[in-house]
Amino acid sequence: MTAAGWIEIALYIAVLTAITPLLGAYMTRVYRGELTIGIVERSIDLLDGRRAQDWKAYAKSVLISSAVFFGVLYLILRTQGIHPWNPKDLDSAPWDVAFNTTASFVTNTNWQFYAGETTMSNFSQMTGLAVQNFASAAVGIAVAVAFIRALAARSGRNIGNFYGDLVKTLVYVLLPISVVVGLFLVSQGVIQSLTSGPVASQEVIKELGTNGGGFFNVNSAHPFENPTWLSNFVELVLILAIPAALTSVYGRMVGNRRQGWAIYSAMLSLLIVAVVVVAIAENGSTPAMDAAGVTGMNMEGKEQRFGVASTALWVVVTTAASCGAVNGAMESLSGIGGLVPMANMQTGEVVFGGVGSGLYGMLMFAILGVFLSGLMVGRTPEFLGKKIEAREIKLTVFGTIGVPMLVLVTSALAIASDDGRESIYNSGPQGWSETLYAYTSQGNNNGSAFAGYTGFVQPADAEQFGITFANVLGGLAMIGGRFLPLLAVLAIAGSLAGKRVAPAGAGTFRTDSPTFVVVLIAIVLIVALLTFVPALLLGPVVQGMTDQLF
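Procedures and definitions
- Residues numbered from 1 in each chain as written.
- Predicted model: local features only at pLDDT ≥ 70, side-chain atom pairs only at ≥ 80, totals over all residues.
- Heavy atoms only, no water.
- Helix = DSSP H or I, 4+ residues; strand = E, 2+ residues; numbered from the N terminus.
- Rg over C-alpha atoms; globule rule 2.2 N^0.38 Å.
- Buried < 20%, exposed > 50% of the residue type's maximum accessible area, 1.4 Å probe, protein only.
- Contact = heavy atoms within 4.5 Å.
- Areas by Shrake-Rupley, 256 points an atom, 1.4 Å probe, with all protein chains shown as cover.
- Lys, Arg positive; Asp, Glu negative; His and termini not counted.
- Charge placed at Lys NZ, Arg CZ, Asp CG, Glu CD.
- Axes fitted to C-alpha atoms, helices over the stretch in contact; angles between N-to-C directions.
- Parallel < 35°, antiparallel > 145°, perpendicular 65-115°, else oblique.
- Left-handed = near helix turned anticlockwise from the far one by under 90°.
- Core = buried A, V, L, I, M, F, W, Y, C linked by side-chain atoms within 4.5 Å.
- Phe/Tyr/Trp six-rings, centres within 6.5 Å; stacked < 30°, edge-to-face > 60°.
- Expected span 1.5 Å × (residues − 1).
- Bend = angle between axes of the 7 residues up to and from the residue.
- Polar contact = N/O pair within 3.5 Å; in protein donor to acceptor, adjacent residues only side chain to side chain.
- Salt bridge = Lys/Arg side-chain N within 4 Å of Asp/Glu carboxyl O.

Trainee: Just to check I follow, could you spell out the overall build of the chain for this structure?
Mentor: Looking only at helices and strands, the chain has 20 helices and four strands in total. Taking 24 Å as the expected radius of gyration for a compact globule of 550 residues, we find that the chain reaches 22 Å, a close match to that expectation. For the chain, the C-alpha atoms occupy an extent of roughly 70 × 55 × 45 Å along the three principal directions. In the chain, which comprises 550 residues, the share counted as buried stands at 59%. Restricting to contacts in the chain with at least 6 residues of sequence separation, those with at least 24 account for 78%. For the chain, the exposed area adds up to about 20400 Å²; of that, 67% sits on carbon and sulfur atoms. Taken as two groups, the 29 positive and 32 negative side-chain charges of the chain have centres that lie 20 Å from each other.

Listed below in structure tokens is the structure:
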């Protein structure tokens, strides 16, 4: 890879690090109530958004609002044929595809078993999918903020109000950034019209909210979504902007900014290693290239205008976050290059992760880390001065192990059943990799995909219809992957909110030190490796070894 490619990667890391405390300071003001606009505050009052809620009331509000979002979006998709702004006269998708799509966008996954430009009308894109890009992102951020409040609390059981947090996130955080950057994307050539499609407005929130669902089937590899190097770089920054800034919000709200930088350092270290591995892997040739006598970098499935550096960076960033947007073909990565994005997701998407979900996922690993460290030295574990006891550990284990188990079970069902095998295009290690990637992506609410695993078939009469097994199982995996850890973290918040804070002593294990950063990285890797190594050995690792041997 050229020096310019490494400079691009270094520049990205520098920009991300620079904006983290700036955006974090602004968001902290929002959630502390220091930023107010009359009409916004009145809308919060109308929603009873100032009434304090304990974790059960907060969780109930999350589930009720998500159920409403689910019902409205499913209705929009199933009645698409009668709506306006449908210049291609597209009919509604089948019920199972509509179910999978609804589950996908409500859970902030944005997995797509369809081509956007040939399946969804402008009405569905704007009033259905784009709205959920905002709403699902706001839900994740609200839950993360509630968890931070619980860690910072000195007494009581209340962790805020979900509806108040939801409105503040939408109006003060997501909308302003989306408007400004959306106009910038239009200036770069991203289209925005009712004729060709309202792309720019959806493009900005799909990246900022770590959603990932593209207006076009090829996503951010399409020049109408991502026309220039500058638009590509800005979209990459958008993906990690809020997940990174939330580490700063965490440090500020608990009264120790070093806590936030410790979490950020662990996330960034894992990100850098992943980018370097993918960049090196894609810088060489593949067995197919060698057989054809072609030398040089693996440019299959990559945009010439972006090259290996931008593609490698995007591959890692989009799977480190729970985004799923792509600017190249994930299927065309080498064996080792394809292993990294899969491993990123299998960490529980905590290498920055989704907006909100990445932070609270990493904080669960932090609780697990202090617990294991306490066992090694024979001391009662504490996190931010609060004792970690049996209830918190049980909930933490459930929150960190539940989704990996869900991924493995659904992948096994897909590969072992006749109905599941209808969706698998390739055989051998590649077919297993495609299947494992599909359910890893859906279960971890990412949305990116290897080509080959599908929920659509194309019969002779050219009318598309869904493969019900893949659509339903995938939809259930996305719902479980979203709400199981979310409910676990809210329950942990409820348990910790009322605990007294013990002053730090000589034997206190500091969670703002380099030592803790190393422990946290080790915990993330150990949990992920112990869970997924056998599955990875059967797919991308075999392919990677084949690359080297043959």
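Trainee: Please clarify how the packing of helix 6 (residues 122-152) against helix 7 (residues 162-188) should be interpreted in this entry.
Mentor: Helix-helix packing is characterised by the crossing angle of the two axes and by the distance between the axes. Contact geometry for helix 6 and helix 7: axes closest at 8 Å, N-to-C directions at 120 degrees. As the angle between them shows, helix 6 and helix 7 are arranged oblique. Judged by the sense of rotation from one axis to the other, the crossing of helix 6 with helix 7 is right-handed. Note on element contacts: helix 7 touches helix 6 through Phe162, Asp165, Leu166, Thr169, Leu170, Leu174, Leu175 and Ser178, opposite Phe134, Ala135, Ala137, Ala138, Val139, Ile141, Ala142 and Arg149.

Trainee: I keep staring at the nonpolar core and nothing clicks. Help me out?
Mentor: Most often, soluble globular proteins keep nonpolar side chains buried together rather than apart. Residues Met27, Ile242, Tyr250, Leu271 and Phe383 are the most contacted members of the largest nonpolar core, which totals 134 residues. Non-local contacts of Phe383, meaning those with residues more than four positions away in its chain, are made with Leu151, Tyr250, Leu363, Ala366, Ile367, Val370, Ile388 and Thr511.

Trainee: When you look at unusual backbone geometry in this model, what are you seeing that I'm missing?
Mentor: Glycine aside, the phi torsion of most residues is negative, and most peptide linkages are trans. The phi angle at Glu349 is positive, at roughly 50 degrees, despite the residue not being glycine. Along the chain, the position of Glu349 falls in the loop between helix 13 (335-346) and helix 14 (357-377). A relative accessible area of 2% means that Glu349 is categorised as buried. With a phi angle near 60 degrees, Asn445 is a residue other than glycine that sits in the positive phi range. Relative to the assigned elements, Asn445 resides in the loop between helix 17 (428-443) and strand 3 (456-457).

Trainee: Looking at this structure, how should I read the environment of Leu313?
Mentor: Its place among the elements puts Leu313 in helix 12 (residues 307-320). Ignoring anything within four residues of it in the chain, the contact list for Leu313 reads Tyr12, Leu236 and Val275.

Trainee: How do you make sense of the environment of Gly374 when you look at a structure like this?
Mentor: Following the sequence through the fold, Gly374 ends up in helix 14. Exposure remark for Gly374: the relative accessible area of 7% places this residue in the buried category. For the pair formed by Gly374 and Ala449, sequence separation is 75 residues and the distance between their alpha carbons is 39 Å.

Trainee: I tried to follow the packing of aromatic side chains on my own but got confused; where do I start?
Mentor: A ring pair, where both rings are aromatic, is described by two values, the distance of the centres and the angle of the planes. By the definition in use, this model includes twelve aromatic pairs. Here the aromatic rings of Trp111 and Phe113 are separated by 5.2 Å at their centres, their planes lie at 85 degrees, and the arrangement is edge-to-face. With respect to class, Trp111 is no different from Phe113; both count as buried. Summarising the aromatic geometry, the rings of Tyr264 and Phe352 are spaced 5.5 Å apart at their centres and angled 70 degrees between planes, so their arrangement reads as edge-to-face. Here the residue Tyr264 occupies a position in helix 10 (residues 257-283), and Phe352 occupies one in the loop between helix 13 and helix 14, the gap between them amounting to 88 residues. A relative accessible area of 3% places Tyr264 in the buried class. Residue class for Phe352 comes out buried when judged on its relative accessible area of 1%.

Trainee: What is the right way to look at helix 7 in this model?
Mentor: Its 27 residues place the ends of helix 7 37 Å apart at the C-alpha level, agreeing with the 39 Å of an ideal helix rising 1.5 Å per residue. Remark: the principal bend of helix 7, roughly 35 degrees, maps to Leu174, with a proline, Pro176, within the next four residues. Residue Asn161 occupies the N-cap position of helix 7, its side-chain oxygen lying 3.0 Å from the main-chain nitrogen of Tyr163. Gly189 sits one or two residues past helix 7 and shows a positive phi near 115 degrees.

Trainee: Would you take a moment to explain the pattern of salt bridges for this structure?
Mentor: Oppositely charged side chains can pair when the atoms bearing their charge come close. A complete count under the given rule lists 14 salt bridges for this structure. Close ionic contact of Glu41 with Arg50 constitutes a salt bridge, the shortest N to O distance being 2.7 Å. Its relative accessible area of 12% is what places Glu41 among the buried residues. In this structure, Asp45 engages Arg50 in a salt bridge whose closest nitrogen and oxygen atoms are separated by 2.5 Å.

Limitation: the analysis is restricted to geometry and does not speak to function.
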